[in-house]
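Per-entry structural report
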Amino acid sequence: MAEKKLNGTVIVTYRCNARCTMCNRYKAPSKAEEEISIETIKKLPRMYFTNITGGEPFIRTDLKDLVKELYRKSDRIVISTNGFFTDRIIDLCKEYPQIGIRISIEGLEETNNEIRGLDDGYQRGYTTLRKLREMGMKDIGFGMTVQDRNASDLVPLYEISNELGMEFATASLHNSFYFVETKNIIKDRPMVAKNFENLVNRLLASNSPKKWFRAYFNHGLINYIYAQKRLLPCDMSFDTFFIGPYGDVMPCNGTKEKEVMGNLNRQTWEELWNSPQADEIRKKVRCCNRNCWMIGSVSPAMHKYIWRVIPWVAFHKAKSLLGMRYSMYELDICRKYRDGKVGKEELDKCSTCDINAVVCDGLSQGI
């Protein structure tokens, strides 16, 4: 039988030069001498897709060596970065022009620099993207985490990426051990959702089938912002995994507490993946109620449950062709909130923000 390929995310470091308002990972950095090694990378399984992330992955001066080894394991690699280390990024891309680069930009210049805590972060990231485009790099683009303070920049930033012919990835605020944060929450849900609604309509109006499916993803983000059950099942730890800088293999990066299936520094992949400890984590995943909607878990789910996605995409693309718009009020929860049948405090209690959450919101409590 053909060897099964998995979807993997490799967190190569917890060190970061940014000071993002929605992420405190920089306050709990890893030590360079303890971070995942080439020897551990060699023990990873075959993957059809690998995301390299951090922290800021380009802080590691040996990142090129890690990429070289990962290309022996993976069909496609995308690196998530803040784009600050322009020279290092360009140097790596010259050697691996097929690699994907996603640079996190949290809005237009003033907004981005305020959120990410880098005075010239926007210009550094934007300049890096322009230089990569001039090199002929194809798999490049923006990544934006949407919140109250930058929601109005969502569509303008998409338009910039569209004009440049670049990818545009979105996320919303999450709380987890990975972000070292428990207080992230959307305060003005209708306002933020309205900006996502505008983005969905622009994506549906495009001639790109890929963007039509991204419209569905952003539709799911509106659903998440309103603290509802996720639109697709989560199969993290079954066909998708994360590995941290200390060699710990985890189901995902969205859990309240760090959940560990095993440690690849000390085990073989087969021992780890098929261990009783890994099976216990999979049981917890089946009981998880955090309802995350991050691309790391949603993208595999969209492929696996494509039969649930295609009808939505086909219906809304047809509406767009007929001059009709997608509306966030297609979601029942948006209508209930608008009509006063559900209040803000009630939705806050369903979120993963520890200030307001009164329900079980941690995977470790799931069994």
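Quantities reported herein were computed from a predicted structural model and do not represent experimental measurements.

1. Brief notes about the overall build of the protein
Assigned secondary structure in the protein consists of 14 helices and nine strands. Here the C-alpha radius of gyration of the protein, 20 Å, is about what a compact globule of 367 residues would show, namely 21 Å. The principal-axis extents of the C-alpha atoms in the protein amount to approximately 55 × 50 × 45 Å. Per-residue burial for the protein yields a buried fraction of 57% across its 367 residues. Considering only residue pairs separated by 6 or more positions, the protein has 72% of its internal contacts joining residues 24 or more positions apart. Counting 55 positive and 46 negative side-chain charges, the protein places the centres of these two groups 4 Å from one another.

2. Some remarks on the pattern of salt bridges
Opposite charge on two side chains permits pairing when their charged atoms draw close. Evaluation of the coordinates by the stated rule reveals 30 salt bridges. The closest approach of N and O atoms between Asp62 and Arg60, which form a salt bridge, is 2.9 Å. A salt bridge links Arg282 to Asp279, with the nearest nitrogen and oxygen atoms 3.0 Å apart. Separated by three residues within a single helix, Arg282 and Asp279 lie in helix 10 (residues 276-287), roughly one turn from each other. Overlapping salt bridges bring together Arg15, Glu35, Arg60 and Asp62 as one network.

3. Side note on the nonpolar core
Counting 107 residues, the largest nonpolar core has Leu44, Ile79, Ile99, Ile101 and Tyr226 as its most contacted members. When residues of this core are assigned to their parent elements, the largest contribution, eight residues, is made by helix 8 (residues 209-225).

4. Focus: the layout of surface pockets
Taken as a whole, the second largest pocket holds about 260 Å³ of empty space. Lining the second largest pocket are 21 residues, and of these Tyr224, Ala227, Cys350, Ser351 and Thr352 sit closest to its centre. For the lining of the second largest pocket, the class distribution of residues is ten nonpolar, eight polar and three charged.

5. Let's talk about unusual backbone geometry
Going from Gly54 to Gly55, the amide bond is cis rather than trans, its omega being 20°. Position of Gly55 relative to the elements: it lies in the loop between strand 2 (47-53) and helix 2 (63-70). Within the chain, Ala227 stands out as a residue other than glycine whose phi angle is a positive 60°. Along the chain, Ala227 turns up in the loop between helix 8 and strand 7 (240-243). A relative accessible area of 15% places Ala227 in the buried class.

6. As for the side chain of Asn7
As for its position among the elements, Asn7 is in strand 1 (residues 6-11). A distance of 3.3 Å separates polar atoms of two side chains, one belonging to Asn7 and the other to Tyr48. Excluding residues within four positions of it along the chain, Asn7 makes contact with Tyr48, Phe49, Asp239, Thr240, Phe241 and Pro300.

7. Quick notes on the packing of aromatic side chains
Overall, the coordinates contain 15 aromatic pairs when judged by the stated rule. Ring centres of Tyr14 and Tyr246 lie 6.1 Å apart, and the angle between their planes is 65°; this geometry places the pair in the edge-to-face category. Here Tyr14, found in the loop between strand 1 and helix 1 (38-41), pairs with Tyr246, found in the loop between strand 7 and strand 8 (248-250); they are 232 residues apart in sequence, far enough to count as distant. On the basis of relative accessible area, Tyr14 is assigned to the buried category, the value being 3%. The exposure class assigned to Tyr246 is partly exposed, which follows from its relative accessible area of 27%. Ring centres 4.9 Å apart and planes at 80° place the aromatic pair Tyr178 and Phe179 in the edge-to-face group. The burial state of Tyr178 is the same as that of Phe179; both residues are buried. Aromatic rings pair up to connect Tyr216, Phe217, Trp293, Trp312 and Tyr326 into one cluster. Between Arg338 and the ring centre of Tyr329, over which it is positioned, the NZ or CZ distance is 4.6 Å.

8. Re helix 12 (residues 306-321)
Working note: α-helix, 3.6 residues per turn, so residues spaced by three or four point in the same direction. Along its 16 residues, helix 12 runs 22 Å from first to last C-alpha, staying within 8% of the 22 Å computed at 1.5 Å per residue. Along helix 12, the residues that are buried comprise Val309, Trp312, Val313, His316, Lys317, Lys319 and Ser320. The buried residues of helix 12 occupy an angular sector of 155° when projected down its axis, which confines them to one face. Exposed residues lying more than 90 degrees from the buried face of helix 12 are Trp307, Phe315 and Leu321. Each element contacted by the buried residues of helix 12 is listed here: helix 7 (189-205), helix 8 and helix 11 (295-304).

Conventions used here
Residues numbered from 1 in each chain as written. Predicted model: local features only at pLDDT ≥ 70, side-chain atom pairs only at ≥ 80, totals over all residues. Heavy atoms only, no water. Helix = DSSP H or I, 4+ residues; strand = E, 2+ residues; numbered from the N terminus. Rg over C-alpha atoms; globule rule 2.2 N^0.38 Å. Buried < 20%, exposed > 50% of the residue type's maximum accessible area, 1.4 Å probe, protein only. Contact = heavy atoms within 4.5 Å. Lys, Arg positive; Asp, Glu negative; His and termini not counted. Charge placed at Lys NZ, Arg CZ, Asp CG, Glu CD. Salt bridge = Lys/Arg side-chain N within 4 Å of Asp/Glu carboxyl O. Core = buried A, V, L, I, M, F, W, Y, C linked by side-chain atoms within 4.5 Å. 1 Å grid on protein atoms, 1.4 Å probe; cavity = no way out; pocket = protein on both sides within 12 Å on 5 of 7 lines; lining within 4 Å. Points joined across faces, edges and corners; volume = space filled by probe spheres on them. Nonpolar A, V, L, I, M, F, W, Y, C, P; charged D, E, K, R; others polar. Polar contact = N/O pair within 3.5 Å; in protein donor to acceptor, adjacent residues only side chain to side chain. Phe/Tyr/Trp six-rings, centres within 6.5 Å; stacked < 30°, edge-to-face > 60°. Lys NZ or Arg CZ within 6 Å of the ring centre and 35° of its normal. Expected span 1.5 Å × (residues − 1). Arc of directions from axis to C-beta.

Geometry only, nothing functional implied.
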